[in-house]
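Summary of structural features
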Amino acid sequence: MSAATTDTAKIPKTSRDWDMAAIAPFVALALLLVLGYFANPNFVSVANLTNVITRSAFIAIIALGATYVISSGGLDLSVGAMVAFVASLMILFMNTGAIGDPMLMLVAAMLVALGLGAACGLANGLITTVGKIEPFIATLGTMGIYRGLTTWLSQGGSITVRDRELQQLYRPVYFGDVFGVPIPIIVIFATAALAAFVLYRTRYGRHLIAVGSNEEVARYSGISVQKVRTIAYIVQGLCVAVAVIIYVPRLGSTSATTGILWELQAITAVVVGGTALRGGVGRIWGTVCGAFILEIVGNIMLLSNFVSEYLIGAIQGAIIIIAMLVQRSLMRK
Amino acid sequence: MTISPAPADSSINPPLLEASGLSKTFGIIEVLKDISLTVRAGEVHAIIGENGAGKSTLMKILAGNHQPTRGEIRMDGAPVSFSGPVDAENHGIVLVHQEILLAPDLTVAQNIYLGRELRKGLVVDDQAMRSGARQAIVDLGGYIDPDTIVSRLSIAQRQLVQIARVLLVPHRIVIFDEPTASLTPHETEALLKVIRDIRAKGVGVLYISHRLPEVKEIADRVTVLRDGRLVGSHDAAELQPADMARLMVGRDVAKLYPDRHAAEVRQAVLEVEGFDVPGFARDAGFTLRKGEILGFAGLIGAGRTELMEGLVGLRPAKGKVVLNGHTVSFTDVHSSLKAGVAYLSEDRKGKGLLLTKDLRVNLTLASLGKFIRGLQIDRKREAEALDNAIRDFDIRTGTKNILAGQLSGGNQQKLLLAKMMMLDPQVVIIDEPTRGIDIGNKEQIYKFIAALAEEGRSIIVVSSEMPELIGICDRILVMRTGRIVGEVQGENMTENEIVELATGVNAGAVA
């Protein structure tokens, strides 16, 4: 061992400097909480914060999948439409009444949702990898397809869970809690923990980062780039399905306009969380933090009186640009 | 080779540029210390040194990319300081980058005039730029249609375009940063002629290179840097390449190539027959034996790299490949690695290593399966593997947390070698093992290659540096336009013999 004693400070840019970019979203979240307190002291009440985080669940969970796709160097614009599509088919399946026992039916419906999500993801994956179509275009296409099929299935209206008993049984998946913690919040953290484990600890996660970082190096190292990317899209589809599973019991119905613009919110959460859009860096907990930030900004605007809540979209747009500027200035150091 | 005599009076020409006491500190590391140097009109001044010696930093200071921490630059006797590259250009100092910096989708003329388009009123004057570009390239002794899209050009042609683009700026000093790194001997000769022409016009040339024979051939003065310090400036006439190497390394580099005792004929490990890589190689056939180092020589574009990439499944190919008596066909690198055939790309930075990831991630990328415990990657064993690799391959790094992109070229190559050796391959194909690597690291890499063969592995070395092939190989196959055209070994392993086969011209007769 030659000179392991030479201290890290001597090297102008080591892997450690990336940590700045990694903690930035958490610092921003903390600042937002302080700002929220000054805007309206009720903001930091446990009830309000629990509520806000619960509402961020859909975007947070979808954004976890988006973190995989984006880290692998891809992009998925179809997730919002996919939510509507999977939710419609899930409800239609429940409405067939194919299974008598409501509990069994509910479990089967969830499995159907997961299967559909995985299939939609697989389709996106194969079109981009085997079909060699730019992810932006490929998923723009499937976005249209999933949205169009949903509109057709619902005939432009909404699709509702008909069985009362089933609806009552399903309700707690969104409204219930375990020891006071709402189930959607548990789902966020459980999904994130699993996503973090796979991304940071397993061979697949390492391969994913390698593919996003430099596709050629991955290929020359014996990694199947197509397989790794396709699996990332499937993971995205599964995350969409999980989001659908907690979304459906909220209203017990879905419509042709469900999930509109969610893809943009998911991508915003990923980028605000510190994941690089060009691929090769994935930050699971940053993404969760990013989703919270988006929801909290909206909440603060609602609770405070200085800014009209109609400006939420504009503020979220500004956040993504500011996040990119901050990321870049941190990386230059 | 014709050597045009240096202008006899270059040493009495007035100094164009004098740098004195230049130092540069990044953070707390001093990368340059107290460098002084004089560039005169009509002279080629070579700057040599190992990687990390400070050549690039010095050039970047002179070209205005960096400001010196201490020291002074004078031009025509008056102190100057450059706020940036454009400011340096305004003073007549231009830099030809090592990398080709051209827009691949634009034409030759558009590239040459990029950012300084000629205009007629509001619209660009394509006609004038086309003829200007044609003339600029003719002035360099070449001919390229100015309407050609740059991505269709060879590397040598692109370089010519790049030089033409740089020389469009009124210039008094031209800096060449390792211009011959990716050129064949033939193309190098042509480039050296261009540089001589530039010198003949009274321009001062700063020339950075690792290739010492070429420095000997072109330079009037040679300045040697080592560890950021000035070792000395000498008249080129006083130094032989061996002296330069000694000054660079700071010790005698008596023997660059390791001893190899002629291996007895052993069993064939890899037999290739009638192998085609469509568009690149046709009907290739050869046998690689156990413990052998087999060289592949040829001009750039002869299909050597593509043949190897076809063999390991990186390109569509067909033909018969027999490994240890079993017919195999690799459709991807995964299958070839599994069978024990590893390929190290010539493009270390683009295809070999993840430059933005740390050493550990790079080391185990191809062999992660060995580090899985349960579902997880065992990071402790990865760290141990890195310690071993750093020791076994003498990877010089201050800290293990460094990114692969921050290693010097030589250490990157050692890391790449270590990465592939994690898989314990039986056949190792190394493409351009020492491209862009300084002499000290070269010597080590040759030693590693020889040691791998000694262990009973079979090695293929693809290289454009003939002395290197002759120095380390048992046999050399020569390729020309996609075909293996000959084999040299023993007494016949001479540069002349190889050049004859590679070019299809009887070089002896021409000289």
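Residues numbered from 1 in each chain as written. Chains lettered and ligands numbered in written order. Predicted model: local features only at pLDDT ≥ 70, side-chain atom pairs only at ≥ 80, totals over all residues. Heavy atoms only, no water.

We count it as follows: UniProt positions are given in the numbering used here, feature names are shortened, and annotations may be inferred rather than shown by experiment.
For chain A, the name recorded in an unreviewed UniProt entry is Ribose transport system permease protein, with Aliirhizobium cellulosilyticum as its organism. Under the heading Subcellular location (unreviewed entry), UniProt records this for chain A: "Cell membrane".

Topic: the overall build of chain B
The following threshold applies: Helix and strand assignments come from DSSP, with helices taken as H or I runs of at least 4 residues and strands as E runs of at least 2, each series counted from the N terminus. The size measure is the radius of gyration over C-alpha atoms, and the globule rule it meets is 2.2 Å times the number of residues to the 0.38 power. The classification of residues rests on relative accessible area computed with a 1.4 Å probe and restricted to protein chains. Under 20% of the type maximum is buried, over 50% is exposed, and intermediate values are partly exposed. Note on areas: Shrake-Rupley with a 1.4 Å probe; residue coverage comes only from the protein chains shown. The sign given to each residue is positive for Lys and Arg and negative for Asp and Glu; His and the chain ends receive no count. All charge positions are set by atom: Lys at NZ, Arg at CZ, Asp at CG, Glu at CD.
Counting its secondary structure elements, chain B contains 18 helices and 24 strands. Radius of gyration (C-alpha) of chain B: 24 Å, near the 24 Å computed for a compact globule of 511 residues. For chain B, buried positions account for 52% of its 511 residues. For chain B, the accessible area works out to roughly 21800 Å², and carbon and sulfur atoms hold 50% of it. The distance from the centre of the 60 positive side-chain charges to the centre of the 65 negative ones in chain B is 4 Å.

Examining the interface of chain A and chain B
One frequent convention defines the size of an interface as the accessible area lost when the parts assemble. As a reminder, the rule being used: By the convention used here, residues are in contact when the closest approach between their heavy atoms is within 4.5 Å. Salt bridge criterion: a side-chain nitrogen from Lys or Arg within 4 Å of a carboxyl oxygen from Asp or Glu. Residues adjacent in sequence count toward polar contacts only when both atoms are side-chain atoms; beyond that, a polar contact is any pair of N or O atoms within 3.5 Å, and within protein one must be able to donate a hydrogen and the other to accept it. Nonpolar residues are Ala, Val, Leu, Ile, Met, Phe, Trp, Tyr, Cys and Pro. Charged residues are Asp, Glu, Lys and Arg, and all others, Gly as well, are polar.
In this complex, chain A contributes 34 residues to the contact, which on the side of chain B involves 43 residues. For the pair chain A and chain B, the number of links is 1 salt bridge. At the boundary of chain A with chain B, the tally comes to 9 residue pairs in polar contact (both at pLDDT 80 or more). Of all the elements, helix α10 (residues 203-213) of chain A adds the most residues to the side of chain A that touches chain B, at 6 residues. When its residues are assigned to classes, the side of chain A that touches chain B shows 14 nonpolar, 12 polar and 8 charged.

Overview of the packing of helix α3 (residues 57-71) of chain A against helix α13 (residues 262-272) of chain A
Residue and element names in this part refer to chain A. Going by this rule: Angles run from 0 to 180 degrees between N-to-C directions of axes, and those axes are lines fitted to C-alpha atoms, restricted for helices to the stretch in contact. To sort the angles, those under 35 degrees are grouped as roughly parallel, those over 145 as roughly antiparallel, those from 65 to 115 as roughly perpendicular, and the leftovers as oblique. Crossing handedness follows the turn of the near helix against the far one: under a right angle anticlockwise gives a left-handed crossing, and clockwise gives a right-handed one.
Closest axis-to-axis distance for the α3/α13 pair is 8 Å, and the angle between their directions is 70°. As the angle between them shows, α3 and α13 are arranged roughly perpendicular. As for how α3 packs across α13, the hand of that crossing is right-handed. Mapping the contact onto sequence places Phe58, Ile59, Ile62, Ala63, Ala66, Thr67 and Ile70 in α3 and Trp262, Gln265, Ala266, Ile267, Ala269 and Val270 in α13. Within the contact of α3 with α13, the residues separate by chemical class into 11 nonpolar, 2 polar and no charged.

Looking at the environment of Tyr220(A)
The topology assignment puts Tyr220(A) in helix α11 (residues 215-220). Residue class for Tyr220(A) comes out buried when judged on its relative accessible area of 4%. For the pair Tyr220(A) and Gly259(A), spaced 39 residues apart in sequence, the C-alpha to C-alpha distance is 40 Å. Leaving out residues up to four positions away in the same chain, Tyr220(A) has contacts with Glu309(B), Leu314(B), Val333(B), Tyr343(B), Ser345(B), Lys351(B) and Met420(B). Here Glu309(B) takes part through its side chain, which lies 2.5 Å from a polar atom of the side chain of Tyr220(A).

Some remarks on the pairing of strand β3 (residues 44-48) of chain B
For a regular strand, side-chain orientation follows a simple rule: the groups alternate between the two sheet faces. All names here are of chain B. Which entries qualify depends on this criterion: Here, any two strands with at least 2 DSSP bridges between them count as paired.
With respect to burial, β3 is a largely interior element, 5 of its 5 residues being buried. Here β3 shows a buried face lined by Val44, Ala46 and Ile48 and a second buried face lined by His45 and Ile47. Relative to strand β10 (residues 204-208), β3 runs parallel, the two sharing 4 bridges. The residue of β10 that forms the bridge with Ile47 is Ile208. The pairing of β3 with strand β11 (residues 221-226) spans 4 bridges and is parallel. The residue of β11 that forms the bridge with Ala46 is Val222.

Topic: unusual backbone geometry
Residue and element names in this part refer to chain B. Of note, the phi angle at Asp34 is positive, near 55°, even though the residue is not glycine. In this fold, Asp34 is placed in strand β2 (residues 29-40). Phi angles above zero are rare outside glycine, and Asp394 is one such case at about 50°. Positionally, Asp394 belongs in the loop between α13 (379-392) and α14 (409-421). Overall, the relative accessible area of 22% leaves Asp394 in the partly exposed class.

Overview of the sheet that holds strand β13 (residues 268-277) of chain B
All names here are of chain B. Strand order in the open sheet made by the 4 strands is β14-β13-β16-β17, with antiparallel pairing throughout. Only two strands of the sheet have a single partner each, and these edge strands are β14 (281-289) and β17 (326-328). The average angle at which neighbouring strand axes cross in this sheet is 15°, direction not considered. Relative to strand β16 (residues 318-323), β13 runs antiparallel, the two being bridged by 5 bridges. Residue Glu273 lies in a different strand from β16, and its bridge partner there is Lys320. Against the sheet, helix α9 (residues 304-311) touches β13, β14 and β16, its axis set at about 110° to β13.

Quick look at the confidence of the model for chain A
Residue and element names in this part refer to chain A. Here is the rule we go by: Values of pLDDT, which run from 0 to 100, indicate the predictor's confidence residue by residue.
On average, residues of chain A score 90 in pLDDT, and 93% of them reach the 70 mark or higher. The element-level mean pLDDT for chain A is lowest in helix α15 (residues 312-332), coming to 82, with α3 highest at 98. Every residue in residues 1-17 is under pLDDT 50, and counting partners more than four places away or in other chains gives 30 contacts.

Quick look at the pairing of strand β1 (residues 15-26) of chain B
All names here are of chain B. In the sheet, β1 pairs with β2 via 8 bridges, with the strands oriented antiparallel. If you follow Glu18 over to β2, its bridge partner there is Thr38. The sheet contact formed by β1 and strand β4 (residues 70-75) spans 5 bridges and is antiparallel. By the bridge assignment, Ala19 is partnered in β4 with Ile73.

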